[in-house]
Each structure stands twice: as structure tokens, then as C-alpha cells.
Amino acid sequence: MAKENSLKIEFKSHPHPRNLHQHDGAESPRSCSLDILLQRLRAIDAQDDKLANIMDVVGEFGTFQRRLVALNFIPTFLASFFMFADTFLFTPQKPYCNTSWILAVGSNLTEAEQMNLTLPRAPNGSFLTCLMYMPVEWNLDSIIQFGLNHTDSCQNGWIYPEAKRRSLINEFDLVCGEETNKEIVHTMFLAGLLTGAFLFGFITDKLGRYPTILLSLLELVIFGFGTAFVSSFNQYTEWLMGMHRAYAFILGHCFFAMGVVFLAGLAYSLPHWRLLFLLGGTPIFPLICYIWILPESPRWLIMKGKLEEAKQMLCYAAGVNKKTIPLSLLDKLQLPGKKVASASILDFYSNKDLRKLTLVMCSVWFAVGCNYYMLSFKIKELGVDTYLTQLIPGIMEVPARLCCIFLIEQLKRRGTLIVALFQGAIMCFLSLTLPSGKDGHRLRWLHRLATELKSLVVLITLLGEFNLAASITIFYIYASELLPTVLRATGLGLVSLAWAAGGISSLTLVSQNIAILPIVLGCLSASVALFSCSSLPETHDQPLPDSLEHITPRTRSISEELSNEDVLSDDVG
């Protein structure tokens, strides 16, 4: 009897498709928008989503889900440390050769006098800090009278007069030809990002969300492999429904941005880079307790044929939320078919719909990565302090990501992504075209103009990072809702290759000192991405796809949906 009453309530809560058609026809006959069309399809599909019905009974956002989201915030906050700590290990230095030999004949010399007597000068009057005058067996008066002539490279190390903190540069003397190649460092960083995201994404879909988290924890403790942890942990949003899933992503990214702010403050206050890693990495060890806390994703368990384990997890979650799942509802859960179980990475090539979806997401991710890194290089080129280049964008990214909450409610996923990416690309274009005053690749007269416009360029660059930060958050939400459960983590890892490719491409072009190349790449990639977004379906309020069969009707372009609109309207009517 209770089952019949619940069915009646559910039936009354969803208007009949015929009534929907009549109501819409009163406003605009035979002109339903794509969103209304998808709502009709969603209303039909939702009745067959048995797992969604069970999740409704468990509770959309009960104690169990709140605890899971809170557990996500901790490693996300700490992961920013491992991703950006290297920024503060190679802070710019202004050293000069150690010429303390002259103090043996003039112990009362000031630092300025010592430099003037022992360091050669360039034609413009500045010191050649990587050269020194060779020691001589003269007295101080002779040195002052006749001067020194024979120069050589630094023989006794370097002095760092402005260094207030111990970094890798002044500890290992990475100066005067021994500097680290920034291009190689950035390339290795991006290579680590794409390797970790792709590898752990593949492992997540094969072994499950829970064992991958434990493996990521081990890697995080030993190697500081933070990105792998975050990429895997995001898959636990499969426990959440509808807007709660989007809110969890947004808040998680806000904690990541706050982690960057915390890192900048910690790096500024600590005098040694070893202390920075010690204090920043120590909080990782208590996360070992996640072994006994984290549950496995029920969607993944069902897709892998582990039906009983999935039921146990669902009952456990319901118990934490003080709910009870009717046995009749649990019995409706069924194992997936053979086609679902055999899903592999090769489906990204062989499955037409999945291949199209992946290519579109890769184009978007490439454009976001390309423009984001160009803005990062731009703000460093403007001479902004190293700590401020992390602190200010980190602070601005928090409201940028929080704005996504309002935008996705008004513009949905696709509209928000298009608006944020478009604005970010415009800001990137303005930032790159306005003069920077850098000699060698800008006109001379622009140097003076750049000095006057520096504040404006910095503001435009930060606004660009503001919009692209929102694009990153929306993309993660959108991509996780587009990809099927059986290949969701692998797909997210795969499209991360495009992000790394965009970053490496922007780094390569910026290093060429040809101003037009970054502008062309940024504009071209953004144009392709914005055009491709029109082929993506809207996922707002739709259930997560579990198998490859579920994405087939969802990946049709807007033109195809609109062309079939009249046919569907006639069938429903």
C-alpha cells in the first residue's frame, strides 16, 4: 500500500508529457527550446533510473554526503601546496661574486666599496655580477690607485645581499650559467600533471574509487603527488545528486584557491625552503585515516557487477542519514549488460559519440589551459612580486568560483562555460596586445606607454584569470556529468592531456619572443572551443550517465535536437 502511495505521489509530481506540450503551446506553439526538449527526455529517463530513486530515499544531501564533501576539502586544500610550492623555490635573486679576498688588505671596506674595487662594470655602468677581478698581492692603496684589470668567473661562490630566505637558488648557487631552465621546469610540471591525471584516472575506472584513493595517499606521502589525489577524489561526487554535486565541485575548488593563498603566506613567513616543505607536507600523514572512512562509489560497483557490495554501501549511507531503503526498491537494482562491463579506453576511439564528446572537451580544455598559462606568464613578465603572483589570483579565484553557483542556475552548464571562456579569452587578448615595455620584441615608443598602462594591464590580466578560473570549475562539473561512469575518471584524465598540451604550447610560443604567436594561438584555440561548445548537450538536472549507451542520445548537436523537435512534439501530442 505504501509503495502504491509513493508511486501516486511521484506520478502527480511529474506532469504528463501531453499536458506539458499543451502548456508550452499556449506560450509559443511548436517552438520548444532545447532545454524544454531535454527536460521531456529527462522526465522519461528518470523513471527508469533506479539508482537515482534509491539515492532519493538515501537523501540528496544528508549527513553521509556532507561528511564526504568535508573530507574532500582537506586534501584539496593541501594539494595546492604540492602543485605550486616550486614557485617559491626559485625566487629571483641578485647575487654577485664573493670577493672577500680584498678584506685581507682592507678590513674596513663597506660593501659598496668592495664591489666597486673587485667587480667589473658594463658599458652602462652596472656591475657584471658574474665576473670578478682576480686577486693580486697588492696593498689597498695600490689597488685603489691603479685598479684591477684581469677578470674571471666567480671563484669563491656568490653573495646574495637581498636574500632574506633560503631557497634552492642561493643554497645550490643556481646562478651565472647554472640557472634552472624555466621552460624545462614548467614542462616537467605539466608532464607530471597529465601523467598523474591520466594514469590514476585509468586506475580509478579499473580498480575503483576507494583503492585509487589509498594508492594516491601513498604517492602523496612519499612523493608529494598531489594532483593524482585530487583527480581521483573528485569521483566521489557520484554520491551526490543534481545541484549538490555542482556545489561540491565549486566549494572544493574554492578550498584549492584558499590553499594557494595559505601557501603564499606560509612561504613568505618561513626563512627556509626545507621548513616550507616540512610544515606544508606534515598534515598529509593524518589523512591515512581515510582508509577506514571512505566508501566506494555505488555507481562504479554496479557497473562492475558488484551488486551486493553496492547495496551494502547504499544501506550504510542510508543508515548514516537515518533513512531506510525499502527492500522492494533495492531488489530493482540490476547488473549491467556485457556491453557495459567490457568498456575500455579503446572506446574513446571506436565509439562515435564518445569520440566526438572527447574531442570537443579536449578543444575546450586546450583553450582554457593555453590562455590561463599565457596570463600567468604575462603577470610574471610585468615584474609583479613572486608572492603576489600567487596571493592575488588565489584571493580572486574564490569569488570567481562562487559566482559559478549563480551562473549555473541562470545559464546552466553550457551557457556558463561559454560566457566564462569568452570573457577570459577577451581579457587574454587585451593583455597580450597591450604594450609591456619589454625591449627586444616591442617598439621603443611603447616602453613609455607600457609604464603608464602597467596597472591597467595587471588588472586586465587578473580579470582574465578570474574568468578562466570559473571556466575550469565549470568544465570539471560539465565533463563529469557528460562522461559515463564506466569511463568517467579515464575520460577526465584523457582530456587533461589537452590542458597540458595547451600549457606547453603557450610556454613554447612565449619563449620565442614573437608577440603575434601567443595572440594567434590564444584567439584561434578560444574560437574553436567556443564553436565546439555548441555541440555539447545541457546536463543541468540530468542523471549521471552510467554506460556508453546512455551518452548516445545525449551527444547530439543543437541543430540535430532542434531538427527533431517538431517530430517529438507531434509524437507526444
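Quick caveat, the model's predicted, so the values are computed rather than measured.

## Considerations on the overall build of the protein chain
In step 1: A tally of helices and strands in the protein chain yields 26 helices and four strands.
In step 2: Each of the 573 residues in the protein chain was classed as buried or not, and the buried ones make up 47%.
In step 3: By sequence separation, contacts in the protein chain at least 24 residues apart represent 78% of the contacts at least 6 residues apart.
In step 4: Looking at the protein chain as shown, the accessible area adds up to about 27,400 Å², and 63% of this sits on carbon and sulfur atoms.

## Observations concerning the packing of aromatic side chains
In step 1: In this structure the tally under the stated criterion is 14 aromatic pairs.
In step 2: Here Phe 88 and Tyr 387 contribute two aromatic rings whose centre-to-centre distance is 5.2 Å and whose plane-to-plane angle is 20 degrees, an arrangement assigned as stacked. Taken together, the residues Phe 88 in the loop between α5 (63-84) and β1 (96-97) and Tyr 387 in helix α20 (residues 386-433) connect sequence positions 299 residues apart. Summarising the burial analysis for this pair, Phe 88 and Tyr 387 share the class buried.
In step 3: Ring centres 5.4 Å apart and planes at 85 degrees place the aromatic pair Tyr 268 and Tyr 387 in the edge-to-face group. Taken together, the residues Tyr 268 in helix α12 (residues 242-269) and Tyr 387 in helix α20 connect sequence positions 119 residues apart.
In step 4: Taking relative accessible area as the criterion, Tyr 387 reaches 13% and is therefore assigned buried.
In step 5: Cation over ring: Arg 355 sits above Tyr 349, and NZ or CZ is 5.9 Å from the ring centre.

## A word on the state of the cysteines
In step 1: Under the definition given, this model contains two disulfides.
In step 2: Two residues share a disulfide in this structure: Cys 97 and Cys 154, whose sulfurs sit 1.6 Å from each other. Residues Cys 97 and Cys 154 are joined through a disulfide that is left-handed, its torsion about the S-S bond being -60 degrees. Pair noted here: Cys 97 is in strand β1 and Cys 154 is in the loop between β3 (151-153) and β4 (158-159), with a separation of 57 residues, a long-range link. Each of the two residues, Cys 97 as well as Cys 154, counts as buried.
In step 3: Between the sulfur of Cys 130 and that of Cys 176 lies a disulfide, 2.1 Å long from S to S. Handedness of the Cys 130-Cys 176 disulfide follows from its S-S torsion of about -85 degrees: it is left-handed. You can see Cys 130 sitting in the loop between α6 (111-118) and β2 (131-133) and its partner Cys 176 sitting in the loop between α8 (168-172) and α9 (182-207), a full 46 residues away along the chain.
In step 4: Numbered by order of appearance in the sequence, the disulfide-linked cysteines of the protein chain pair as 1-3, 2-4.
In step 5: As a non-bridged cysteine, Cys 523 has Cys 428 as the owner of its nearest cysteine sulfur, 7.6 Å distant.

So, how was this worked out
Every residue gets a number counted from 1 within its own chain, in the order that chain's sequence is written. Selection of residues for local features in this predicted model requires a pLDDT of at least 70, selection of side-chain atom pairs for listing and counting requires 80 or more, and totals for whole chains, interfaces and linings are taken over all residues. Side-chain figures throughout are based on the complete set of non-hydrogen atoms in the structure, without hydrogens or water. We count a stretch as a helix when DSSP gives it H or I for four or more residues in a row; a strand needs E for two or more, and each element gets its number in order from the N terminus. Relative accessibility under 20% of the residue-type maximum defines a buried residue, over 50% an exposed one, and the middle range a partly exposed one, all with a 1.4 Å probe and only protein chains included. Any two residues whose heavy atoms approach within 4.5 Å at even a single point are treated as in contact. To be clear on the numbers: accessible area is Shrake-Rupley with a 1.4 Å probe, and residue cover counts the displayed protein chains and nothing else. In this scheme Phe, Tyr and Trp rings, the latter by its six-membered ring, pair at centre separations within 6.5 Å, and the angle between planes marks the pair as stacked below 30 degrees, edge-to-face above 60, and tilted otherwise. Consider the ring centre and the ring normal. A charge sits over the ring if Lys NZ or Arg CZ is within 6 Å of that centre and within 35 degrees of that normal. When two cysteine sulfur atoms lie within 2.5 Å, the pair is treated as a disulfide.

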